[in-house]
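# Close look at the chain arrangement
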Amino acid sequence: MNKVGVIGWPIEHSLSPAMHNAAFAALGMTDWQYDKMAIPPDIVRQSLKEFRDHNFIGLNVTVPLKQAVMPFVKSDAVAKAIGAVNTIDFRKNVGTNTDASGFMDDLAAHGVDVAGKRVVVLGAGGAARAAVYGLSQAGAEVIVVNRTPERAERLLQDVQSSGRALSLEEASGLSFDVLVNATSVGMSPKADESPWPDELPFPQGIAVYDMVYRPAKTRLMMRADGVGCRVIGGVGMLVRQGAAAFRLWTGVEPPIDVMMKAVLDGLSGQTGTKG
Ligand code: ATR
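Because the structure is predicted, anything quoted here is derived from the model rather than measured.

Check the secondary structure of the protein and you find ten helices and twelve strands. In summary, the protein has a C-alpha radius of gyration of 18 Å against a globular reference of 19 Å for 275 residues, a match within 12%. Projected onto its principal axes, the C-alpha coordinates of the protein cover approximately 55 × 35 × 30 Å. Expressed as a percentage of the 275 residues in the protein, the buried residues total 51%. Once local pairs closer than 6 in sequence are excluded, the contacts in the protein between residues at least 24 apart make up 65%. With 27 positive and 28 negative side-chain charges, the protein shows a spacing of 4 Å between the two charge centroids.

Interface size, as often reported, equals the accessible area lost upon joining of the parts. Per the domain assignment, the segments making up the protein are domain 1 (2-97 + 237-268) and domain 2 (101-233). For domain 1 and domain 2, the distance between their C-alpha centres works out to 25 Å. Across the boundary between the two partners, domain 1 contributes eleven residues, which contact 16 residues of domain 2. The junction of domain 1 with domain 2 conceals about 1200 Å² of combined surface from both sides, 64% of it contributed by carbon and sulfur atoms. Counting the surface domain 1 buries against domain 2, the share from its top three residues, Ile-82, Met-237 and Arg-240, is 51%. Where domain 1 meets domain 2, there are one salt bridge. Our count for the domain 1 to domain 2 interface comes out at three residue pairs in polar contact (both at pLDDT 80 or more). Elements with a minimum of two residues in the side of domain 1 that touches domain 2: helix H3 (77-82) and helix H9 (235-250). Top contributing element to the side of domain 1 that touches domain 2 by residue count: H9, with six residues. When the residues that make up the side of domain 1 that touches domain 2 are grouped by side-chain class, the tally is eight nonpolar, one polar and two charged.

A word on the pattern of salt bridges. Taken as a whole, this structure holds 13 salt bridges when the rule is applied. In this structure, the salt-bridge partner of Arg-223 is Asp-198, at a minimum N-O distance of 3.9 Å. Placement of the pair is Arg-223 in helix H8 (residues 219-226) and Asp-198 in the loop between strand E10 (178-181) and strand E11 (207-210), with a sequence separation of 25 residues. By relative accessible area, Asp-198 is classed as partly exposed at 36%. The partner of Asp-225 in a salt bridge is Lys-217, and the shortest N-O contact between them spans 2.5 Å.

This part covers the sheet that holds E10. The parallel open sheet is built from six strands, whose spatial order is E9-E8-E7-E10-E11-E12. Looking at which strands have only one partner, the edges of the open sheet turn out to be strand E9 (164-166) and strand E12 (230-232). Sheet twist, expressed as the average angle between the axes of neighbouring strands with direction ignored, equals 20 degrees. Examined bridge by bridge, E11 and E12 share three bridges and lie parallel to one another. Along E12, the bridge assignment pairs Val-208 with Val-231.

Cut-off values and rules
Residues take numbers from 1 onward in each chain, read along the sequence in its written order. Only residues with pLDDT of at least 70 get local features here, since the model is predicted, and only at 80 or more are side-chain atom pairs given and counted; chain-wide, interface and lining totals rely on the full set of residues. Processing note: side-chain calculations cover all non-hydrogen atoms of the structure and skip hydrogens and water entirely. Strands here are runs of E lasting at least two residues and helices are runs of H or I lasting at least four, both read from the DSSP assignment and numbered beginning at the N terminus. Atoms counted for the radius of gyration: C-alpha only. Globule rule: 2.2 Å times residue count to the power 0.38. Burial classification: accessible surface area is computed with a 1.4 Å probe over protein chains only, and a residue below 20% of its type maximum counts as buried, one above 50% as exposed, and the rest as partly exposed. Two residues qualify as a contact provided that any one of their heavy atoms is within 4.5 Å of a heavy atom in the partner residue. Note that His is not counted, nor are the chain ends; the positive residues are Lys and Arg, and the negative ones are Asp and Glu. Note that the charge is assigned to NZ on lysines, CZ on arginines, CG on aspartates and CD on glutamates. Domain segmentation is taken from an automatic or database assignment of domains. By convention, the term buried area covers the 1.4 Å-probe accessible surface removed from two parts as they join, with the contributions of both added. Any carboxyl oxygen of Asp or Glu within 4 Å of a side-chain nitrogen of Lys or Arg constitutes a salt bridge here. Two N or O atoms count as a polar contact when they lie within 3.5 Å, although within protein this holds only if one can serve as hydrogen donor and the other as acceptor, and sequence-adjacent residues are included solely when both atoms are side-chain atoms. Three classes are used, and their members are as follows: Ala, Val, Leu, Ile, Met, Phe, Trp, Tyr, Cys and Pro are nonpolar, Asp, Glu, Lys and Arg are charged, and the others, Gly among them, are polar. A pair of strands counts as paired when DSSP detects no fewer than two bridges linking them. Note on definitions: angles span 0 to 180 degrees between N-to-C directions of axes, and those axes are lines fitted to C-alpha atoms, for helices only across the stretch in contact.

Set out below in structure tokens:
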């Protein structure tokens, strides 16, 4: 059996097992299995050794372990730049990060071209780092807006982006092409909140990408939709970061539609928290 899985703490709400196992089933890959394992941060080192000893092919890594695993694997250039590992390949003992490619692949799938475009990213956590890295690599002009401005400055330095950190007020006075919410603001159960204050207008004709996928249509998306913006929710990024890990482990092209359906089915059966 080829074993893969996801580690996190807690892990019970993770949609990754349903997504990957559906893909294995659809492709007849009966010798592959994806499990979820709750691993507290203080035993990460020992746990990684055990997964390796038990011949796991690889792991996904989620909150709060994405940084904790870094001392115990060789980070590739992407994981180093983002400062977090979300996917491990034990055959090479390499840690990478598929959030950036998941995000960029989903933008491309929706026909959003960012090369040479000005993109405002809200947030400076792990999700924002992945977005800013991917956008900068693709030739976008990135503006980072964060509640804590020092974190935005730090992010730009770390991912070596030539972008700028601005306040919300400064950014809202500019023209730009794409707005990305990479904060957790608006996520269920606080779905009445929005990272873009209601009184701030949107530049006309922009695309708004909300990485939040619970609820499927956030307050930010509803407001932007109401004034004619293109709106995209975060479920595609979740699927495509998983698809990138699947490709890495198996060498097989994953069935995106099957993975998407498994995630949407999982979400419709859940209410609640991040995962
Ligand atoms: P993740 O890894 O999912 O990105 P994170 O590292 O905790 O999570 O980052 C959360 C982001 O959401 C941060 O940018 C955070 O802003 P701060 O850096 O100022 O903490 C932002 N965020 C969370 N709650 C917020 C709120 N109520 N208002 C504004 N920003 C918020």
